[in-house]
Amino acid sequence: MQDEFDEIKAEASGPSCGKKRIICLVVAFIAVALISVMLTFSLTVNYFFSEENGEYAKFEVLKKYIDKYSYYEPDHDAMMDAALKAYVSGTGDRYAEYYNAEDFKALAEDNEGRCVGIGVTISETETVYHNKSVTLIEVIGVYESSPANEAGIREGDMIYSVYTDDGEIFTDDVGMDVVTSKIKGEEGTEVKISVLRGSENEYEKLDFTMKRRKVDVNSVTYEISESQPTVGIVRVTRFDLRTPLLFKGAFNDLKRQGITKVVLDMRG
């Protein structure tokens, strides 16, 4: 009789104990999940805000997330260049700028009055195209014996886009720095750009294909006034290492031609 009672008791308690085990497992699983989330949050907070890791630890966190979840293959060199440019720009000093090795080489060539490209002087401008306000690149000067001059690009043309291996890149989307970097390139290679010519009401979109080459940038030009033969006009379009010597040469040549007055044009 006692054996039967014990058997009945065991059968009655069996399912109850099983339910308790399931509940215990669920509770344990939830606890582990919570601990995992808390640890992840704690590690992230530590990376972002811990003084031990320094103020630049955020970059390490972002790099890990981008490497793990980015759909595209990240270009870390390009990302770092962009970050450094933004870091310097964040100072608010409009005269401060970060140059990587490639940028600095281009700057040095530019300062020496030579460059590889199409041979134009440019400035950022805003206009309206197809009832939309856009920021474009205005051509404010075209150098003689340059690919741009030979192709027929004129002062006042606005660079609307540049064609690359990845397709057409629009100035209003990416900005002047990106477009100009795409226009520059290896000597002897071709570049295709589109420009807007005309006025806000009647723009004509034109395409030009040019071969990049070295262009001597003459920062000083001069002439004698047609209406006043004793007046010389000296134009300084930019400043580089050759500008002082070119200016002196222009001034001396005008003096030899009997000029007694000089108009110095430094517009742009």
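Keep in mind it's a predicted model, so treat the numbers as computed, not measured.

Quick notes on the rules
Residues numbered from 1 in each chain as written. Predicted model: local features only at pLDDT ≥ 70, side-chain atom pairs only at ≥ 80, totals over all residues. Heavy atoms only, no water. Helix = DSSP H or I, 4+ residues; strand = E, 2+ residues; numbered from the N terminus. Contact = heavy atoms within 4.5 Å. 1 Å grid on protein atoms, 1.4 Å probe; cavity = no way out; pocket = protein on both sides within 12 Å on 5 of 7 lines; lining within 4 Å. Points joined across faces, edges and corners; volume = space filled by probe spheres on them. Nonpolar A, V, L, I, M, F, W, Y, C, P; charged D, E, K, R; others polar.

1. Brief notes about the side chain of Asp265
At step 1: Within the fold, Asp265 resides in strand 11 (residues 261–265).
At step 2: Not counting chain neighbours up to four residues away, the residues in contact with Asp265 comprise Val234, Arg235 and Val236.

2. A word on unusual backbone geometry
At step 1: Look at Asn131: it is not a glycine, yet its phi comes out positive at around 65°.
At step 2: Looking at the element boundaries, Asn131 is found in the loop between strand 2 (120–129) and strand 3 (132–142).
At step 3: Phi at Ser145 takes a positive value of approximately 55°, unusual for a residue other than glycine.

3. Comments concerning the layout of surface pockets
At step 1: Here the second largest pocket defines a volume of roughly 560 Å³.
At step 2: Lining the second largest pocket are 18 residues, with Gly141, Val142, Glu155, Thr221 and Thr237 sitting closest to its centre.
At step 3: For the lining of the second largest pocket, the elements supplying multiple residues, two or more each, are strand 3 and strand 10 (231–236).
At step 4: Considering every element that reaches the lining of the second largest pocket, the biggest residue donor is strand 3, with three residues.
At step 5: A class-by-class count of the residues in the lining of the second largest pocket yields five nonpolar, seven polar and six charged.

What is shown is where atoms sit, not what they do.
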